[in-house]
Amino acid sequence: MDIPTRLQTLDWERYTKCARQAAADGIVLLRNEKAVLPLPEGETVALFGVSQLCYYKSGTGSGGMVNVSHVVSIREALEDEPSIRLNRSVLHLYDRYVDEHPFAAGEGWGKDPWSQAEMPLDKETAEQAGQDSRTAIVVIGRTAGEDRDNKAEPGSFLLTETELDMLRTVRGAFARMVVLLNTGNIIDMRFVDDIRPDAVLCVWQGGMVGGLGVVDVLTGRVSPSGHLTDTIAERIEDYPSSGNFGTGVRDVYQEDIYVGYRFFETVARDRVLYPFGYGLSYTTFRIRARKKQSEPLARLSVDLEAEVTNTGHAAGREVVQVYAQAPQGVLGKPARVLVGFEKTRLLKPGESQTLQIQIPVRSFASFDESGKTAEISAWVLEEGRYDLYVGENVRDAVILDSEDGAFTLSEDWMVLQEEEALAPVCKFDRMAMSEENGDVHLVYEETPLRSIDVEKRIYENLPGEAAQTGDRGLKLSDVEEGSCRMEDFIAQLSDEDLCAVIRGEGMGSPLVTPGTAAAFGGVTKRLRDFGIPAVCCDDGPSGMRLDCGDHAFSLPNGTMLACTFDRELNEQLFSFLGLEMVKNRVDCILGPGVNIHRNPLNGRNFEYFSEDPYLSGEMAAAQLRGLHQSGVTGVLKHFCANNRETRRHELDSVVSGRA
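Keep in mind that what you see is a predicted model, and the values were worked out from it rather than measured.

Colleague: Sorry if this is basic, but what is going on with the side chain of Asp238 here?
Modeller: Residue position: Asp238 is located in the loop between β7 (232-233) and β8 (250-252). With no salt bridge to any partner, buried Asp238 finds its closest opposite charge in Arg271, at an N-O distance of 4.3 Å.

Colleague: I tried to follow unusual backbone geometry on my own but got confused; where do I start?
Modeller: Keep in mind that most residues, glycine aside, have a negative phi and that most peptide bonds are trans. Cis geometry marks the peptide bond from Leu37 to Pro38; its omega dihedral reads 5°. Examined against the element boundaries, Pro38 turns out to sit in the loop between β1 (28-32) and β2 (43-48). Backbone torsion omega between Lys637 and His638 reads -10°, so that peptide bond is classified as cis. Structurally, the position occupied by His638 is in the loop between β26 (633-634) and β27 (652-654). Here Arg196, not a glycine, exhibits a phi torsion of approximately 55°, which is positive.

Colleague: How should the sheet that holds strand β23 (residues 518-521) be read in this particular structure?
Modeller: Each strand in a sheet pairs with another by means of backbone hydrogen bonds, the pair being arranged parallel or else antiparallel. Here four strands make up an open sheet; going across it, the order is β23-β24-β25-β26 and the pairing mixed. Unpaired on one side and paired on the other, β23 and β26 mark the two borders of the sheet. Across four bridges, the pairing between β23 and strand β24 (residues 534-539) is antiparallel. Residue pairing across strands places Gly521 opposite Ala534, the latter belonging to β24.

Colleague: Looking at this model, I keep getting lost on the environment of Ser225. Mind explaining?
Modeller: One can find Ser225 in the loop between α7 (210-219) and β7. Classification of Ser225 as buried rests on a relative accessible area of 2%. Taking the C-alpha atoms as reference points, Ser225 and Leu91, separated by 134 residues in sequence, lie 30 Å from one another. Beyond its immediate sequence surroundings of up to four residues, Ser225 is in contact with Asp25, Ile27, Arg317, Val319, Lys343 and Cys563. Looking at Ser225, its side chain comes within polar contact range of the side chain of Lys343, at 2.9 Å.

Colleague: Help me out: how do you make sense of helix α1 (residues 12-25) in this one?
Modeller: Count 3.6 residues to each turn of an α-helix, and residues three or four apart come out pointing the same way. Here α1 spans 20 Å end to end across 14 residues, near enough to the 20 Å set by a 1.5 Å rise per residue. Among the residues making up α1, those that are buried are Tyr15, Cys18, Ala19, Ala22, Ala23, Ala24 and Asp25. Where α1 is buried, its residues contact α7, β13 (337-343), α15 (558-563) and α16 (567-583). A distance of 3.1 Å separates the backbone nitrogen of Glu13 from a side-chain oxygen at the start of α1, and that oxygen is part of Asp11.

What counts, and where the lines are drawn
- Residues numbered from 1 in each chain as written.
- Predicted model: local features only at pLDDT ≥ 70, side-chain atom pairs only at ≥ 80, totals over all residues.
- Heavy atoms only, no water.
- Helix = DSSP H or I, 4+ residues; strand = E, 2+ residues; numbered from the N terminus.
- Buried < 20%, exposed > 50% of the residue type's maximum accessible area, 1.4 Å probe, protein only.
- Lys, Arg positive; Asp, Glu negative; His and termini not counted.
- Salt bridge = Lys/Arg side-chain N within 4 Å of Asp/Glu carboxyl O.
- Pairing = 2+ DSSP bridges.
- Contact = heavy atoms within 4.5 Å.
- Polar contact = N/O pair within 3.5 Å; in protein donor to acceptor, adjacent residues only side chain to side chain.
- Expected span 1.5 Å × (residues − 1).

Quick look at the structure:
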């Protein structure tokens, strides 16, 4: 690997600082009544919940099995925080409980429990703690992962009765109550309206320094700036994919393109507890946006300026989110689609920053796989008015003040002609939208099925067989230097050589770094003689999994990193990971994970970013740019339609071409 000299030194202090910032900036503040946060200097705190002693740095399986030297838990970070005094009696109570009820680790791969059994909390203990401490912090922990989906059961997506009793008991004993959710993805949130804690934060799984990020936010050193990358609905049954998730060996994607907020904001706004993009701060912001140019169609982009002003009393950062609304037309559209976002720098009270946001016109187009508007498999802008909404979340975004919206079309415009490639063969009815008198209603329609012979097309498009020349002394480096063509180099390889190149070797290959996931490329001596190196790839999206026992850096999970809405921070963090990969002679990391969060119960959601494909793609691209700075790369994992772990090796995912 040819690494620029300036990048050859891995600064562990800067790496840790960057990860800590990501662990803080990805925290989402959902509630902060009476401004209970940030905690004042010298605050006395009683810490409840067994998860204070069982911090989940990541989910389970290959995406989270990073062997670390140490994990800074929420409790450890609080104990080391000089501005906070913890109630020692309560800490000792949980220490004794865990001594008598050791944590369950599960037996075998994919058998990790979703949570630990909570300690029953009696009223007298809570009331005594309430007399000795001013603020209660309750930690709730959850995990899941590879081969281990969540379930709509207590102890997983739902809280247990013991956890609910603990929350009610603490609420009754304390005037100030904070709940921290140490989870890989969203969980059931109905407890908030029932128990009404003063503050609720999604602190996700922050990697090996996650506890430090939590305390940075609790103390106010960092004002929370994370925003939800998923819609939190009232019940799991409200998610449009729930009826078809997790049963049998066939998953029908009946919700089609109406995943998450694309469904809720269109026909089910009343079922939302916290909308996509939601997140509070310790300060307030004013956003003023305008369209910069008057001819977006000629320029093929809509250019916006958004002035963000900190109108509160604390320094903070804000995310400007831009959503498009297209005419329903004959194809049907979501009411909102995220098409742009930018995050400010840290703004002091009264300070402003103007953000530039460019949105390609193609971002407004819809895919027509049935030929309703134009040719089959075409991206189309249907006639009508296209509007933009700008704000801090999908629900509160306000329409851009413009006479003609973003732009208006008098006729359909085919933006791009594609070719049918992934159409289903199983009949099913999918969700669609129908507009009557300005009101949009949910309907179902037959899903367009495959109309071509894929096998025939493959054979018709196969290139002719290349003649094999045998060894002519050409090396792979000759191709890089331009002294021979790749075709001439490959012509030297035999059928056996070519099979070996694509075969690779599995975990623990002696050709590459011990304990890594696989080797590929030069896996035979003959291939290496041609100058083809044995290339090392390793798990995963949350840091390197080195099963040989070597330590590696455990990063915040995918959900948390996406909640930062910060491309630059993601790129910087993964530039450090890239240097760490170089240090361990790892060429390719098996990540980032880009499956969308189709359903909250997918056990591997922690590896992935969001229910929104645009945000997921932007975060993945930023992380890849960071890796490339060090001359290494990543693999988009698992790309699409791998949204369930239960029986995943047998699963038939039935998805429309449009979805």
